[in-house]
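Architecture and fold: a report
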Amino acid sequence: MSDSEALPLLRADEVHHINKPLDLSSKEEKHLHSYTSKCDRRLLLFICIGYALDSLNKMALSNAKIAGLSADLGLHGYDINLALGVYYLGSFIFQLPSNLVLKSVKPTYWLCGSMFAWSLVTLLTAFVANAGQLAFCRFMFGAVQAGYLTGSLYYISYWYPRELVRQRMGFFFASAGIGGICIGPLCALLTSLEVFGLRAWQNIFLFVGSLSLVWSLVGLRVLEDYPDTATFITDAERRLIVRLMACQNTVASTRHISLRQAGMAARDTKIWLWTLIDFCANSATQVNGMFGPTLIASQGYATQTAQLLTALTNFMAFSGMASIAYIAKLAKGSSNAIALSNSITIVGFLLALFAPSNSAAPQLAALFLFSFASPQPAAHGPAWEMANQQGSTKPAMAAAFTSAFGGLGPLATAFVYRDRDSPAFVLGHSVCLSMTVTCLLATALLRWRLSSENDRRDRHPLDISDLTVEQVQDLADNHPDFRYKI
């Protein structure tokens with residue numbers, strides 16, 4: 001179904017007021033509740049488990065490092081940092097192309113194919129023999145995994161009405177924390193086992209790669225592409241959700257790429273502010289994922305103990321991510337929620353910098369603090385951004401820009417936590433502290449921009465009655481009735 005076919009589901013007077021809320025009857029409210037429950041149990045659950053498995057695959061390297069990988073491969077200097085960093089380089093290079101392909105390939109094939117491909121790369125990583133091969137595998141892992149995050153965010157945005165998106169994205173990002181909680185104890189167990197004469201670090205890559213490989217095949221039976229073609233909902237639910245999404249100008253079943261909307265996304269300074277927020281947030285967020293085991297081990301803990309303790313730091317990360325929807329509601333908006341989490345993160349990094357570096361208690365307390373708070377802006381930001389996008393193409397382009405350029409943040413983090421700086425890691429903590437402060441300032445600026453634009457539209461309403469249906473659609477979030485969520 002094309003966008004032009006979806007819009008006639010609206011009344012003639014609604015075509016030029018597509019951002020006005022629709023009045024639903026009690027029967028339609030029940031249909032909407034039934035529809036969202038089905039999507040939660042089937043689609044959201046699958047992509048959340050997929051993102052948890054993605055987290056397992058990403059964190060496998062940091063756990064393999066302290067399980068004998070460095071010694072067996074003769075890694076030294078920046079070898080491990082390079083392997084960690086090139087993942088983000090591969091993700092950056094292939095992020096934008098992958099989202100353009102997403103508009104031309106069925107989402108089911110794209111998401112499951114991405115998962116299948118990264119699983120194969122993880123399995124192959126178990127058999128690398130030197131630093132070069134390890135770096136190549138991690139680069140390829142980033143390249144083939146690039147489309148899953150942005151593809152999932154875009155997927156959520158066109159299955160759920162705008163007001164329900166943030167909570168679902170909260171669940172999605174929180175699922176990475178579940179993967180983090182599992183990876184420590186799992187790696188501790190795998191480290192203690194000898195399977196087919198393989199090394200402990202090889203077992204880690206083989207096990208997590210196998211899990212996500214199986215799940216990618218399950219997805220071919222579970223996922224569906226678009227609400228208007230879904231087989232697991234009733235006709236009444238289908239008519240209602242297509243009408244709701246048409247009213248929000250987010251019907252996505254068209255394969256048409258609007259070059260005008262793509263250009264709008266590239267020129268939109270608000271999207272680049274969201275990208276800066278994501279860049280800074282990701283820099284701090286990945287400290288626990290990439291270096292959590294190393295930071296804990298630097299306090300004198302044995303390998304298996306350090307791996308087990310990462311379950312606690314990742315539980316803190318999960319707790320923070322799982323509560324983002326409630327924190328945003330309590331803070332009365334995503335911008336306030338980001339400011340709150342940034343403030344807690346700043347306290348954590350200051351504690352890490354100024355507490356005695358050889359004192360385990362305050363250093364672990366600092367790690368717990370920024371593990372809890374630092375991932376939240378990385379979830380609030382994309383959810384805030386996607387709730388403020390419209391159109392058939394602009395949401396996908398916005399997600400691609402933000403994830404691609406914002407995803408480069410951890411590339412810097414990968415090289416500032418150096419083994420020779422242990423146990424103080426002053427350079428790493430200082431860089432991440434400055435990134436968090438920058439994130440806070442960018443959030444304040446973006447909040448002012450959105451509030452100013454809402455005020456301008458209230459004071460100076462525009463008449464668009466002379467525009468065609470296609471022109472109205474291409475206005476995206478520039479539609480005069482659209483109001484940004486703060």
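The shown structure was predicted, so the numbers you read here are calculated from the model rather than taken from an experiment. (Residues numbered from 1 in each chain as written. Predicted model: local features only at pLDDT ≥ 70, side-chain atom pairs only at ≥ 80, totals over all residues. Heavy atoms only, no water.)

1. Some words on the layout of surface pockets
The condition that has to hold: Cavity and pocket criteria rest on a 1 Å grid covering protein atoms alone: a 1.4 Å probe that fits but cannot get out defines a cavity, protein on both sides within 12 Å along at least 5 of 7 lines defines an open pocket, and an atom within 4 Å of a point defines a lining residue. Grid points are joined across faces, edges and corners, and a volume is the space filled by probe spheres set on the points. The helix and strand labels rest on DSSP assignments: H or I over at least four residues marks a helix, E over at least two residues marks a strand, and numbering proceeds from the N terminus. Only Asp, Glu, Lys and Arg are considered charged, only Ala, Val, Leu, Ile, Met, Phe, Trp, Tyr, Cys and Pro nonpolar, and every remaining residue, Gly among them, polar.
In this model, the second largest pocket occupies a volume close to 240 Å³. Every residue lining the second largest pocket is counted, 15 residues in all, and those nearest its centre are Arg162, Glu163, Arg166, Gln167 and Lys485. Elements represented by at least two residues in the lining of the second largest pocket include exactly helix 6 (162-191), helix 12 (324-330) and helix 15 (375-386). Broken down by element, the residue count for the lining of the second largest pocket peaks at 6 residues, all from helix 6. Class assignment of the residues belonging to the lining of the second largest pocket gives a composition of 6 nonpolar, 3 polar and 6 charged.

2. Some words on the nonpolar core
Note the following rule: Here, nonpolar core refers to any group of buried Ala, Val, Leu, Ile, Met, Phe, Trp, Tyr and Cys residues whose side-chain atoms link them within 4.5 Å. Only protein chains enter the accessibility calculation, which uses a 1.4 Å probe; a residue is then buried when its area is under 20% of its type maximum, exposed when over 50%, and partly exposed in between. The criterion used for residue contact is that any of the two residues' heavy atoms lie within 4.5 Å.
One finds Ile47, Leu69, Trp159, Phe172 and Tyr417 to be the most contacted residues of the largest nonpolar core, which totals 96 residues. In terms of residue count, helix 2 (residues 26-73) provides more of this core than any other element does, 19 residues in total. Not counting residues within four places of it along the chain, the set of residues in contact with Leu69 comprises Leu61, Ala64, Leu75, Ile80, Leu134 and Trp201. Counting residues in each nonpolar core, the second largest holds 15 residues, with Trp274, Cys280, Ile338 and Trp384 among its members.

3. Remarks on unusual backbone geometry
Phi is mostly negative for residues that are not glycine, and the peptide bonds are mostly trans. Along the chain, Ser422 connects to Pro423 via a cis peptide bond; the corresponding omega equals 0°. For Pro423, the location among the structural elements is in the loop between helix 17 (409-416) and helix 18 (426-459). Of note in this structure, Phe425 is not a glycine but carries a positive phi near 50°. Topologically, Phe425 is positioned in the loop between helix 17 and helix 18. Residue Phe425 is classed as buried on the basis of its relative accessible area, which comes to 2%.

4. Examining the pattern of salt bridges
Selection criterion: Whenever Lys or Arg places a side-chain nitrogen within 4 Å of a carboxyl oxygen from Asp or Glu, that contact is recorded as a salt bridge.
For the structure shown, the criterion picks out 14 salt bridges. Put simply, Asp72 and Arg199 hold a salt bridge, and the shortest N to O gap is 2.8 Å. Within this pair, whereas Asp72 is found in helix 2, its partner Arg199 is found in the loop between helix 6 and helix 7 (200-222), the two being separated by 127 residues in sequence. The exposure class of Arg199 is partly exposed, given its relative accessible area of 47%. We note a salt bridge from Asp458 to Arg483, for which the minimum N-O separation is 2.9 Å. Of the two residues, Asp458 sits in helix 18 while Arg483 sits in the segment after helix 19 (469-474), which places them 25 residues apart along the sequence.

5. A look at the packing of aromatic side chains
To be explicit about the condition: Aromatic rings from Phe, Tyr and Trp, with only the six-membered ring used for Trp, were paired whenever their centres fell within 6.5 Å, and each pair was classed as stacked if the ring planes differed by under 30 degrees, edge-to-face if by over 60, and tilted otherwise.
Summed over all chains, the structure comprises 23 aromatic pairs. Where Phe349 meets Phe370, the ring centres are 4.3 Å apart and the plane angle is 10°; that geometry is what we call stacked. Note that Phe349 is positioned in helix 13 (residues 334-354) and Phe370 in helix 14 (residues 360-373), a separation of 21 residues in sequence. As far as the burial class goes, Phe349 and Phe370 line up, both buried. Of the aromatic side chains, those joined through ring pairs into one cluster are Tyr154, Tyr155, Tyr158, Trp159, Tyr226 and Phe232.

6. Here's the deal with the confidence of the model for the protein
Selection rule: Scored from 0 to 100, pLDDT records how confident the predictor is in each individual residue.
Here the protein averages 85 in pLDDT, while 92% of its residues score no lower than 70. Helix 18 holds the highest mean pLDDT among the elements of the protein, 95, whereas helix 1 (residues 3-6) holds the lowest, 39. Across residues 1-16, where pLDDT falls below 50, the model places 36 contacts with residues more than four positions away in sequence or in other chains.

7. What about a nonpolar patch on the surface?
Rules: Patch membership requires more than 30% relative accessible area and the absence of a salt bridge. Residues of like charge join within 9 Å; the nonpolar side chains Val, Leu, Ile, Met, Phe, Trp and Tyr join within 5 Å. The Shrake-Rupley method, run with a 1.4 Å probe sphere, supplies the accessible areas, and residue values consider only the shown protein chains as cover.
On the surface, Tyr109, Phe116, Leu120, Leu217 and Leu220 cluster together to form a nonpolar patch covering roughly 480 Å² of accessible area. Those elements giving two or more residues to the nonpolar patch turn out to be helix 4 (107-125) and helix 7. A total of 3 residues in the nonpolar patch trace back to one element, the largest contributor, which is helix 4. As for its position among the elements, Leu217 is in helix 7.

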